[in-house]
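What follows is the residue order along each chain.
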Amino acid sequence: MSAAEFVLGAAGLLGQPTLRIGSFAVSESAVTATALTVALASAAAWTRSRLRMRNPAGWQVVLELAVQAIDSTVRDSIPKAPERILPLVGTLWIYILLANLIGLIPGLHSPTGDLSVTGALATIVFFAVPFYGIWAEGWAAYVREYFAPMFWMFPFHVMSELTRTLTLAVRLFGNMTGMEVAIGILLLLAGFLVPVAFLFLHFIEALLQAYIFGMLALVYIAGGMQALADREQRKGETTR
Amino acid sequence: MSFDWTTFILQVINFLVLVWLLHRLLFRPVLRLVAERKAATAKAWEEAQRVKKEGEDLQKAYENRMSLWEAEKEKARGKLLEEMQGERRRLEAENDRLIQEERERARAVEAHRLAALSQEAETRALRIASQFASRFLQDLATPDLEVKLVDRAIEEIERLPPEKIAEIRDSVARGGVRQIEVRTAFPLEEGRRDRLAHALNKACGRELPCECLVDPSLGAGVRAVVGGWMARANVKDELLFFASKGEA
C-alpha cells in the first residue's frame with residue numbers, strides 16, 4: 001500500500017468499507033451512524049429515567065444547561081411555536097457533534113465524513129424548511145415568498161434552496177474529511193504521537209461544524225417563516 | 001468520495017427516528033423538568049415573598065403595638081407620677097396637719113403646765129403669805145385690833161345695801177331664826193356689844209336675843225351668825241379666806 005493510499009484510505013476517500021448481510025450491503029458510516037443513533041437513544045432513555053427534580057446530579061445540571069441553551073437559541077430565532085423546531089435542530093447539533101467526534105476514536109471514521117450521511121442530513125433540512133414554513137404561514141403565503149419581490153425570482157429562489165442544501169452537505173463533509181486527511185498526512189510524515197495536537201484541532205473543528213450546520217438549519221427554517229416574522233414585526237410596530 | 005443511496009436512506013430514517021426519540025426521551029422531559037423546577041422555584045419564591053410580607057406585617061404590627069404600649073406606659077407612668085405627687089402632697093398636708101395639731105397640743109400642754117406651775121406657785125405663795133400673815137397677825141391680834149375690827153364690822157352691817165338686807169330678813173323669816181350668835185376672840189365691852197346687837201337686829205328687821213361667845217381661835221375680831229347669813233370680821237376668817245383664794 002502506497003503512502004497516498006494509506007492517507008486516502010484513512011480518510012475514507014477510497015470508498016467506505018462495506019458490511020454484507022446476504023445480498024444486502026451497508027457502508028461502515030451507515031453502521032456507525034446507526035450505532036450512534038442507538039447509543040444516543042439509549043442514553044436519552046437512561047437519562048430520562050434518572051432525571052431528578054431535587055438535588056440533580058452534576059451531569060444532569062450540564063445536560064439541562066445544554067438543552068436550555070439550545071431551547072433559548074431556537075426561541076430567539078423562530079417566531080412561531082419554537083418547541084416544534086427544537087427537536088430537529090437540537091438533534092442536529094447533538095448528533096453531528098458526536099458523529100464528528102467519533103473520528104477521534106482510533107479505527108473509526110466520522111459518519112459525517114461520508115457525503116451520503118451529510119447529504120441525508122442536508123436533505124432533511126431541505127424538506128424541513130417548507131414543512132415548517134407551510135405549517136406556520138400556510139401554503140399561499142409560503143409560496144408567495146418564492147415570487148417576491150418579482151415573480152421571475154422564483155427559479156433563483158429554488159436554485160438558492162438547492163445550492164444551500166448542497167453546500168450544507170458538502171461543507172460538513174469537506175471539513176471533516178479534510179481534517180482526517182490532514183491528520184493522516186501528519187501521521188505519515190511526522191510519526192505516531194505528533195498528530196495529537198491536531199486531534200485537539202479536530203475536536204474544535206467538530207464543535208464548530210456541528211454548530212454551523214445546526215445554526216444554518218435554524219436560519220433556513222426561520223427564513224422559511226419570514227412572511228410570518230414580517231407580519232409579527234408589522235403588528236408589533238402598529239401596536240407601538 | 002462516493003454517494004451511497006442505501007446509506008443515504010438509512011441515515012434519513014435513522015435521523016428521523018432519532019429526532020422523534022430525543023424529542024420524547026430528552027428534550028421534552030428535560031424542558032418539562034426545568035419548567036416544573038422554575039414553577040416550583042417561582043412558587044417557593046412567592047411563598048417566601050408572602051412569608052416575608054407576613055413577617056414585615058407582623059414586624060410592623062409589633063412595632064405599632066410597641067409604640068402604643070410605650071405611649072400607654074408613658075401615660076400610665078405620668079398618671080402614676082401624678083398620683084404619687086398627689087399622694088405626697090396629701091401626706092405632706094396630713095403631716096403638716098398632724099405636726100400643727102401636735103404643736104397645738106404641745107402648746108396647750110405647755111400652757112396648762114405653765115398655768116399649773118403658776119397656780120401652784122401662786123398657791124404656794126399664798127400659803128406662805130397666809131402662814132406669814134397668820135404668824136404676823138397672831139402677834140398683832142390684840143384687843144385693840146379686835147375693837148377696830150368690831151367697829152369696822154358694825155359700820156359694814158349698817159352700810160349693807162337694801163337688797164342684801166332684804167335677803168337677810170327673808171332668810172331669817174324662812175329659817176325660823178331665834179337668836180344671833182356672836183363670837184369674839186376677846187370679851188366685848190358692853191357698849192360695843194349693844195351697838196353690834198343693834199346693827200344686827202336692824203339688819204334682821206326684828207329683835208333677836210344675842211348670844212356672845214369668846215373664841216380665841218379667831219385671833220382678833222368678830223363672827224356673827226344669823227341663820228344662814230354670817231358677818232365675819234376677824235383675823236382667822238380673813239386668813240382662811242385669803243388662804244382659800246390661794247387654793248382656788
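What you see is a predicted model, and the numbers here were worked out from it, not measured in a lab.

Visitor: How should the overall build of chain B be read in this particular structure?
Guide: Summing up its helical and strand segments, chain B has five helices and four strands in all. Taken from the N to the C terminus, the helices and strands of chain B come in the order α-α-α-β-α-β-β-β-α. When burial is assessed residue by residue, chain B has 25% of its 248 residues classed as buried. If you take every contact in chain B between residues at least 6 apart in sequence, the share linking residues at least 24 apart comes to 79%. Summed over its atoms, the accessible surface of chain B is roughly 17,400 Å², and 57% of this surface lies on carbon and sulfur atoms.

Visitor: Looking at this structure, how should I read the nonpolar core?
Guide: Nonpolar side chains tend to gather and get buried jointly when the protein is soluble and globular. By size, the foremost hydrophobic cluster in this structure holds 57 residues, and its most contacted members are Ile85(A), Leu88(A), Leu92(A), Phe213(A) and Ile221(A). Elements supplying a minimum of two residues to this core: helix 2 (28–49), helix 3 (58–77), helix 4 (82–102), helix 5 (115–137), helix 6 (139–146), helix 7 (154–190) and helix 8 (196–224) of chain A together with helix 1 (5–140) of chain B. When residues in this core are grouped by element, the largest group, 12 residues, is from helix 1 of chain B. Sequence-distant contacts of Ile221(A), that is, excluding residues within four places in its chain, are made with Ile78(A), Ile85(A), Leu88(A), Val89(A), Ala128(A), Val129(A) and Tyr132(A). Judged by nonpolar contacts, the second largest core, of 24 residues, contains Ile154(B), Val182(B), Leu196(B) and Cys204(B).

Visitor: Would you mind going over the environment of Met225(A) with me for this structure?
Guide: All names here are of chain A. Tracing the chain through its elements places Met 225 in the loop between helix 8 and helix 9 (226–239). In this structure, the C-alpha to C-alpha distance between Met 225 and Ala 136, residues 89 residues apart in sequence, is 6.6 Å. Among residues more than four places away in sequence, those in contact with Met 225 are Ile 78, Pro 79, Lys 80, Ile 85, Tyr 132, Gly 133, Trp 135, Ala 136 and Glu 137.

Visitor: So what exactly am I meant to see when it comes to the sheet that holds strand 3 (residues 221–226) of chain B here?
Guide: In any sheet, the strands associate via hydrogen bonds between backbone groups, in a parallel or an antiparallel arrangement. All names here are of chain B. The sheet built from four strands is open, its strands ordered 2-1-3-4 with mixed pairing. Single-partner strands in this sheet number two, and they are strand 2 (210–214) and strand 4 (229–234). In this sheet, adjacent strand axes meet at a mean angle of 15 degrees when their direction is disregarded. Across the sheet, helix 2 (residues 143–158) touches strand 1 (180–184), strand 3 and strand 4, and the angle it forms with strand 4 is around 145 degrees.

Visitor: Hey, could you run me through the interface of chain B and chain A in this one?
Guide: When the parts come together, some accessible area is lost, and that loss is often what is quoted as the size of the interface. Facing 30 residues of chain B, the contacting portion of chain A comprises 46 residues. At the junction of chain B with chain A, the criterion picks out one salt bridge. For Glu64(A), the salt bridge is made with Arg37(B), and the minimal N-O distance between the two is 2.5 Å. The tally of links between chain B and chain A comes to seven residue pairs in polar contact (both at pLDDT 80 or more). Taken together, the residues of the side of chain B that touches chain A sort by class into 19 nonpolar, six polar and five charged.

Visitor: Mind showing me how you'd approach unusual backbone geometry here?
Guide: Note on backbone geometry: most residues besides glycine have negative phi, and most peptide bonds are trans. Residue and element names in this part refer to chain A. Its identity is not glycine, yet Asn 55 carries a phi of approximately 50 degrees, on the positive side. Relative to the elements of secondary structure, Asn 55 occurs in the loop between helix 2 and helix 3. Residue Asn 55 is classed as exposed on the basis of its relative accessible area of 63%.

Visitor: I would appreciate a short explanation of the pattern of salt bridges in the present structure.
Guide: When the charged atoms of two side chains with opposite charge come close together, those side chains can pair. Residue and element names in this part refer to chain B. Summed over all chains, the structure comprises 25 salt bridges over all chains. Between Glu 156 and Arg 152 there is a salt bridge, with its nearest N and O atoms 3.6 Å apart. Taken as a pair, Glu 156 and Arg 152 lie in helix 2 at a separation of four residues, close to a single helical turn. What makes Arg 152 exposed here is its relative accessible area of 51%. The network of salt bridges with common partners includes Asp 151, Glu 189, Arg 192 and Arg 195.

Visitor: Help me understand the packing of helix 4 of chain A against helix 1 of chain B, please; the structure alone is not making it clear to me.
Guide: Axis angle and axis distance: for two packed helices, these are the angle between their axes and the distance between the axes, and together they describe the pair. Relative to each other, helix 4 of chain A and helix 1 of chain B sit at 110 degrees, their axes nearing to 8 Å. Regarding the angle of helix 4 of chain A to helix 1 of chain B, the classification is roughly perpendicular. Contact with helix 4 of chain A, carried on its side by Leu86(A), Pro87(A), Leu88(A), Gly90(A), Thr91(A), Leu92(A), Ile94(A) and Tyr95(A), involves Gln11(B), Phe15(B), Leu18(B), Val19(B), Leu22(B), His23(B), Leu26(B), Phe27(B) and Leu31(B) of helix 1 of chain B and no other residues of that element. For the contact of helix 4 of chain A with helix 1 of chain B, a count of residues per class yields 13 nonpolar, four polar and no charged.

Visitor: I tried to follow the packing of helix 3 of chain A against helix 1 of chain B on my own but got confused; where do I start?
Guide: Interaxial distance between helix 3 of chain A and helix 1 of chain B falls to 10 Å at its minimum, and their mutual angle equals 100 degrees. On the basis of their axis angle, the class for helix 3 of chain A and helix 1 of chain B is roughly perpendicular. For the pair helix 3 of chain A and helix 1 of chain B, contact is made by Gln60(A), Leu63(A), Glu64(A), Val67(A), Gln68(A), Ile70(A) and Asp71(A) and by Leu26(B), Phe27(B), Val30(B), Leu31(B), Leu33(B), Val34(B), Arg37(B) and Lys38(B), respectively. In the contact of helix 3 of chain A with helix 1 of chain B, the residues fall into nine nonpolar, two polar and four charged.

Rules behind the numbers
Residues numbered from 1 in each chain as written. Chains lettered and ligands numbered in written order. Predicted model: local features only at pLDDT ≥ 70, side-chain atom pairs only at ≥ 80, totals over all residues. Heavy atoms only, no water. Helix = DSSP H or I, 4+ residues; strand = E, 2+ residues; numbered from the N terminus. Buried < 20%, exposed > 50% of the residue type's maximum accessible area, 1.4 Å probe, protein only. Contact = heavy atoms within 4.5 Å. Areas by Shrake-Rupley, 256 points an atom, 1.4 Å probe, with all protein chains shown as cover. Core = buried A, V, L, I, M, F, W, Y, C linked by side-chain atoms within 4.5 Å. Pairing = 2+ DSSP bridges. Axes fitted to C-alpha atoms, helices over the stretch in contact; angles between N-to-C directions. Salt bridge = Lys/Arg side-chain N within 4 Å of Asp/Glu carboxyl O. Polar contact = N/O pair within 3.5 Å; in protein donor to acceptor, adjacent residues only side chain to side chain. Nonpolar A, V, L, I, M, F, W, Y, C, P; charged D, E, K, R; others polar. Parallel < 35°, antiparallel > 145°, perpendicular 65-115°, else oblique.

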